[in-house]
Amino acid sequence: MKKWAMAILLIALILFIMINWEWIVHLQQEDLSYFTEDVFEEVGYGLLWVTMPLMIVQNVITLFPVLILIIMHFHFFGLIEGFLFSLIGTTLGALTCFWLARSFSSRWVDRFWRRNERRLAYVLRLIASYGVYILVVLRSIPIMPSNLISIAAAVSPLTLRPYIWSSFLGNMSMIWLLSLLSAPLWIAENVFMPYLLSYIIFALTVSGYYAGRGILKQE
């Protein structure tokens, strides 16, 4: 049953990519004006029927920068809805990639491991040393493709529940950071400082929580 579900999901992702290839090309080119000037007037909130699956695709196969989709959500839907839609999309993508990696045959995992051995081994060492918190950090600062983080977590002994929480918090932090970096494109000046301070409080709270848990484990 799991193999059938995985096959259906993969076919659906491939068909979605083929149908929306024009959008993907514009995303690869970081052509935000294509979406802001042409697309939104036609589809409105229906845009989410494309952007949400695209976020899932981007977390499974890194075809384009997720930043463009995040900016689109904030630009079209505002701070609260834009943040929420981006968080849902990226978290669903992380869960999909994790599930696919754990469901694939060991032969496929071995091949993928050989192609990305250095980076995957590095992430696994970090997980072994610092636990779930490192997944939050890696997702917060997108220096490594999201799918590599998800696959490394999938081949580690990490269970589903801590993975969900680390993905949720890490993607929340990543969206917050990227939206701050792109703030001139969507945010009003009087909102920027409260938004920035809120992120600092959030980051300190999450770091303090995991640091406290680490200290308690060592005692």
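The paragraphs below set out a description of the structure included in this document. (Residues numbered from 1 in each chain as written. Predicted model: local features only at pLDDT ≥ 70, side-chain atom pairs only at ≥ 80, totals over all residues. Heavy atoms only, no water.)

We now examine the packing of helix α7 (residues 117-130) against helix α9 (residues 146-155). The contact between α7 and α9 brings their axes to 9 Å, and the two run at 60 degrees. Comparing the axis directions of α7 and α9 gives the class oblique. Of the two possible hands of crossing, α7 and α9 adopt the one that is right-handed. Residues R119, L120, V123, L124 and I127 of α7 pack against L148, I151, A152, A153 and V155 of α9. Looking at the contact of α7 with α9 residue by residue, the class counts come to nine nonpolar, no polar and one charged. (Axes fitted to C-alpha atoms, helices over the stretch in contact; angles between N-to-C directions. Helix = DSSP H or I, 4+ residues; strand = E, 2+ residues; numbered from the N terminus. Parallel < 35°, antiparallel > 145°, perpendicular 65-115°, else oblique. Left-handed = near helix turned anticlockwise from the far one by under 90°. Contact = heavy atoms within 4.5 Å. Nonpolar A, V, L, I, M, F, W, Y, C, P; charged D, E, K, R; others polar.)

What follows concerns the nonpolar core. Counting residues in hydrophobic clusters, the biggest one holds 66 residues, and the most contacted among them are L54, I70, F83, L135, W176 and Y195. The leading source of residues in this core is helix α5 (residues 66-103), at 16 residues. Setting aside its immediate chain neighbours within four residues, F83 contacts F74, G78, M172, I175, W176 and Y195. (Core = buried A, V, L, I, M, F, W, Y, C linked by side-chain atoms within 4.5 Å. Buried < 20%, exposed > 50% of the residue type's maximum accessible area, 1.4 Å probe, protein only.)

Turning our eyes to something else, we now look at the side chain of R139. Mapped onto the elements of the fold, R139 is located in helix α8 (residues 133-140). For R139, the side chain forms a polar contact with the side chain of S146, separated by 2.9 Å. A polar contact is formed between the side chain of R139 and the side chain of S150, at a distance of 2.9 Å. The residues touching R139, leaving out its near neighbours within four places in the chain, are A94, S146, I149, S150, Y163, S167, G170, N171 and M174. (Polar contact = N/O pair within 3.5 Å; in protein donor to acceptor, adjacent residues only side chain to side chain.)

Within this structure, the stated rule accounts for ten aromatic pairs. Seen from their ring centres, F77 and F85 are 5.2 Å apart, and the 85 degrees between their planes marks the pair as edge-to-face. Residues F77 and F85 agree in their burial class; the two are buried. Look at W176 and Y195: their rings are 5.9 Å apart centre to centre, the planes differ by 40 degrees, and that puts the pair in the tilted class. Here Y195 lies in helix α11 (residues 189-218) and W176 lies in helix α10 (residues 160-181), a separation of 19 residues in the sequence. Linked through ring pairs, F74, F83, W176, Y195, Y199 and F202 together constitute an aromatic cluster. (Phe/Tyr/Trp six-rings, centres within 6.5 Å; stacked < 30°, edge-to-face > 60°.)

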